[in-house]
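Secondary and tertiary structure notes
Listed below are the residues making up each chain.
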Amino acid sequence: MVSTHPVGLQNSGYQYLPKDDQKTLSPNQELLPLTAQVNSHDCLEIGGCDVTSLVKEFGSPLYILDEVTLRTACRQYRDAFKRYYPGESLVLYASKAWSCLAVCAIAGSEGLGIDVVSGGELYTALEAGISADKIYFHGNNKSVAELQMAMKSGCTLVVDNWLELETLADLATATAPVRIMLRLTPGIECHTHEYIRTGHLDSKFGFDPNALDQVFEFVSKHPSLNCIGLHAHIGSQIFEQQPHKDLAGVLVDCLSRAEGYNLSIQELNVGGGLGIRYTEGDDPPSIDTWVKGVCESLVAACEAEQLPLPRLLSEPGRSLVGSACITAYTLGSRKEIPGIRTYLAVDGGMSDNPRPITYQSVYRCVVANHMSAPLTEKVTVAGKHCESGDILIKDVMLPQTESGDIFVVMGTGAYNYSMASNYNRLPRPAAVLVNQGDSFLILQRETYQDLLRQDRLPEKLQTGDSKK
Ligand SMILES: *Cc1c(COP(=O)(O)O)cnc(C)c1O
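Predicted model only: the values in this text are computed from it and were never measured. Residues take numbers from 1 onward in each chain, read along the sequence in its written order. With the structure being a predicted model, the display of local features is reserved for residues of pLDDT at least 70 and the display and counting of side-chain atom pairs for 80 or more, all residues being used for whole-chain, interface and lining totals. Heavy atoms from the whole structure form the basis of all side-chain values; hydrogens and water molecules are not counted.

1. Some words on the nonpolar core
Definition of nonpolar core: a set of buried residues of the types Ala, Val, Leu, Ile, Met, Phe, Trp, Tyr and Cys, connected through side-chain atoms within 4.5 Å. Accessible area is worked out with a 1.4 Å probe on protein chains only. A residue is then buried under 20% of its type maximum, exposed over 50%, and partly exposed in between. Counting 92 residues, the largest nonpolar core has L65, Y93, W98, L165, I180 and L182 as its most contacted members. In terms of residues, this core owes the most to one element, helix α9 (residues 287-305), which gives nine residues. Leave out the neighbours within four places in its chain, and L165 touches V159, I180, L182, F207, V215, F218, V219 and L225. Ranked by size, the runner-up nonpolar core spans 27 residues in total, among them L17, A36, F58 and A430. Each helix is a run of H or I in the DSSP string that is no shorter than four residues. Each strand is a run of E no shorter than two, and both are numbered from the N terminus. The contact criterion used throughout is that any non-hydrogen atoms of two residues lie within 4.5 Å.

2. Brief notes about the site of the ligand
Surrounding the ligand, one finds 15 residues, the nearest of these being K96, S236, E315, R318 and Y415. Under the rule applied, a polar contact is a pair of N or O atoms within 3.5 Å (in protein, one hydrogen donor and one hydrogen acceptor; residues adjacent in sequence only if both atoms are side-chain atoms). In the environment of the ligand, an oxygen atom lies 2.9 Å from a nitrogen or oxygen atom belonging to the backbone of G273. Between an oxygen atom of the ligand and a main-chain N or O atom of R318, the distance comes to 2.8 Å. Relative to its free-state accessible area of 390 Å², the ligand is covered by the protein chains to the extent of 94%. Each residue is assigned to one of three groups, with Ala, Val, Leu, Ile, Met, Phe, Trp, Tyr, Cys and Pro labelled nonpolar, Asp, Glu, Lys and Arg labelled charged, and all others, Gly among them, labelled polar. Here the residues of the shell around the ligand are counted per class, giving three nonpolar, seven polar and five charged. A cutoff of 4 Å decides nearness: a residue is near a molecule or strand if any of its heavy atoms lies inside that distance of it. Every accessible area reported is derived by Shrake-Rupley at a probe size of 1.4 Å, with residue values counting cover from the shown protein chains alone.

3. A look at the pattern of salt bridges
Salt-bridge detection follows one rule: a side-chain nitrogen of Lys or Arg within 4 Å of a carboxyl oxygen of Asp or Glu. Summed over all chains, the structure comprises 19 salt bridges. As a salt-bridge pair, R364 and E280 come within 2.8 Å of each other at their nearest N and O atoms. Taken together, the residues span a long stretch of sequence, with R364 in the loop between α11 (355-359) and β17 (365-367) and E280 in the loop between β13 (267-269) and α9 at a distance of 84 residues. For the salt bridge of E446 with R428, the shortest nitrogen-to-oxygen distance reads 2.7 Å. Of the two residues, E446 sits in the loop between β22 (438-443) and α12 (448-451) while R428 sits in the loop between β20 (406-410) and β21 (430-435), which places them 18 residues apart along the sequence. The exposure class assigned to E446 is buried, which follows from its relative accessible area of 16%.

4. Let's talk about the environment of I326
Mapping I326 onto the fold places it in strand β15 (residues 325-337). As a C-alpha pair, I326 and L25 span 301 residues in sequence and 18 Å in three-dimensional space. Other than its neighbours up to four places away in sequence, I326 contacts L32, P33, L44, I46, V51, L62, Y63, I64, V408, V409, M410 and T412.

5. Thoughts on the pairing of β21
For β21, the buried fraction is high: five of the six residues fall into the buried class. A strand pair is defined by DSSP finding two or more bridges across the two strands. Here strand β4 (residues 62-66) runs beside β21; their pairing, made up of five bridges, is parallel. Within the sheet, the bridge partner assigned to D66 lies in β21 and is V434. Direction of pairing for β21 relative to β22: antiparallel, over a ladder of five bridges. Following the sheet pairing, A431 is matched in β22 by L443.

6. A short note on the packing of helix α8 (residues 242-258) against α9
Between α8 and α9, whose axes approach to 8 Å, the crossing angle comes to 35 degrees. For α8 against α9, the interelement crossing comes out right-handed. Residues H244, K245, A248, G249, V252, D253 and S256 of α8 pack against W290, G293, V294, S297, L298, A301, C302 and E305 of α9. Class assignment of the residues belonging to the contact of α8 with α9 gives a composition of seven nonpolar, five polar and three charged. To define axes, lines are fitted to C-alpha atoms, for helices over the stretch in contact only, and angles between the resulting N-to-C directions are given on a 0 to 180 degree scale. Crossing handedness is defined as follows: a turn of the near helix away from the far one that is anticlockwise and smaller than a right angle gives a left-handed crossing, while the clockwise case is right-handed.

7. Looking at the confidence of the model for the protein chain
pLDDT expresses, on a scale from 0 to 100, how confident the predictor is about each individual residue. With 94% of its residues at a pLDDT of 70 or more, the protein chain shows a mean pLDDT of 94. Mean pLDDT in the protein chain bottoms out at strand β11 (residues 195-197), which sits at 58, and peaks at β4, which reaches 99.

8. Focus on the side chain of T185
For T185, the location among the structural elements is in the loop between β9 (178-183) and β10 (188-190). Note on T185: relative accessible area 9%, which makes it buried.

9. A short note on the packing of helix α2 (residues 67-84) against helix α3 (residues 101-109)
Following both chains from N to C, one finds α2 and α3 inclined at 45 degrees, their axes separated by 9 Å at the closest point. Taken together, the axes of α2 and α3 are oblique relative to one another. The two elements α2 and α3 cross, and the hand of that crossing is right-handed. Residue-level contacts link E67, L70, R71 and C74 of α2 to V103, I106, A107 and S109 of α3. A breakdown of the residues in the contact of α2 with α3 according to their chemical character gives five nonpolar, one polar and two charged. Convention used here: angles under 35 degrees read as roughly parallel, angles over 145 as roughly antiparallel, angles from 65 to 115 as roughly perpendicular, and any remaining angle as oblique.

10. Here's the deal with α2
Here the expected length of a helix is defined as 1.5 Å per residue gap, with one fewer gap than residues. Here α2 spans 26 Å end to end across 18 residues, near enough to the 26 Å set by a 1.5 Å rise per residue. Within α2 the residues assigned to the buried category are E67, T69, L70, R71, T72, A73, C74, Q76, Y77, A80 and F81.

11. Here we look at helix α6 (residues 162-171)
Residues E164, L165, T167, L168 and A169 constitute the buried set of α6. The inward-facing, buried residues of α6 abut α5 (144-153), β8 (156-159), β9, α7 (212-220) and β12 (225-231). Backbone nitrogen of L163 and a side-chain oxygen of the N-cap are separated by 3.3 Å at the start of α6; the cap is N161.

12. Considering the side chain of T35
Relative to the helices and strands, T35 is located in the segment before β1 (37-38). Among the residues examined, T35 registers a relative accessible area of 4% and is labelled buried. Within the structure, T35 has its side chain in polar contact with the backbone nitrogen of G47 (distance 2.7 Å). In contact with T35, other than residues within four places in its own chain, are Q22, E45, I46, G47, D66, V68 and T69.

Laid out in structure tokens, this is it:
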């Protein structure tokens, strides 16, 4: 089912194909989705669908989401927690990575809960059929309307700060207490290749752990607040294991401090943050390895403090959906600046993938209709927006290409669609779910009418003057 590398073709798009059996691969360690292969037309296939045919059918640019890869990542998380944690556990999909009905519903069908950070994401998760007892609502500045919506739905609120705590204490009643977790700033900050621990961390999220006693005191005096757990999240695109192991210790420490307050805290949420491979140089631990490290540290910390094992929650986003999706573009204009650079332009850019211009993120790519062609030309691939910084990939080796070729960027499942904009009034692309040769449109391409849906013309401008 999965292609091997033909001899001599390592310097082509083939080099990015998954090498082993799908079942044993950790999706976050692969550049292409697990089902990627090359067909007899030398074209890339995902989920049994020819990428060039998908573009013909659904248009360009196009997000292509591989169901097998997404489900595999969900299962690997779920199964690893079962294997390595003797207590109860629940994996939540951090839906900010890609919040839409289909992705939430797939995660839900694999037994995952959903974490949301806004009323809009909560609405999406509920409409996707996720039951409220598996939804956790984060955010450092939830509006009163969002708090009321969350309480009405019955989801759990992850309380971030004093204002929210006090507001909830007033909104809820002792007869119908609101279920909350407390978010802490754990004092562990992660960079990609190092981390530091500080007593006070400069972060807008969460309670200072040093002020926890006051928080516990407040909660214990308000029967309208039912505090069931503690939460912390230390960052994103993390490759090291140690920060997450340390976090388990910090959380258990806080748990033991809650002992004196007669609260019924039974859940710890260790957040998300496991990284994915965007380039050959990236080497994240597998999902299984990451979960093992978290579980073993938590069990050890609980034993040291002689605490019963809490219910363990984690909330990965990027490592669930990131590697499951590619974006297909159509190549257009070419600008050669002799001795300096050759620019190739695609029909999208910073509006469908704002990560390169926002975070200087680096991506890898293939030309979907020339997968075995040797890489002979160094180019810079630009978007079509009116921004010089709208560059998708800088200085990359490609085969000889021409306008109309299908250019694919890998690893675009996380923080692409969810951060997409209509800059320059580009309609947002469609997204298609693929599996075993079937394709299903999960997000329609926006139309020009969609772009004008919120526009209103003041009456005095409607007289026709504007049409002269
Ligand atoms: C962003 C975020 C996550 C998910 O992070 P990933 O790096 O995508 O796994 C989880 N929890 C919280 C609170 C977050 O803000």
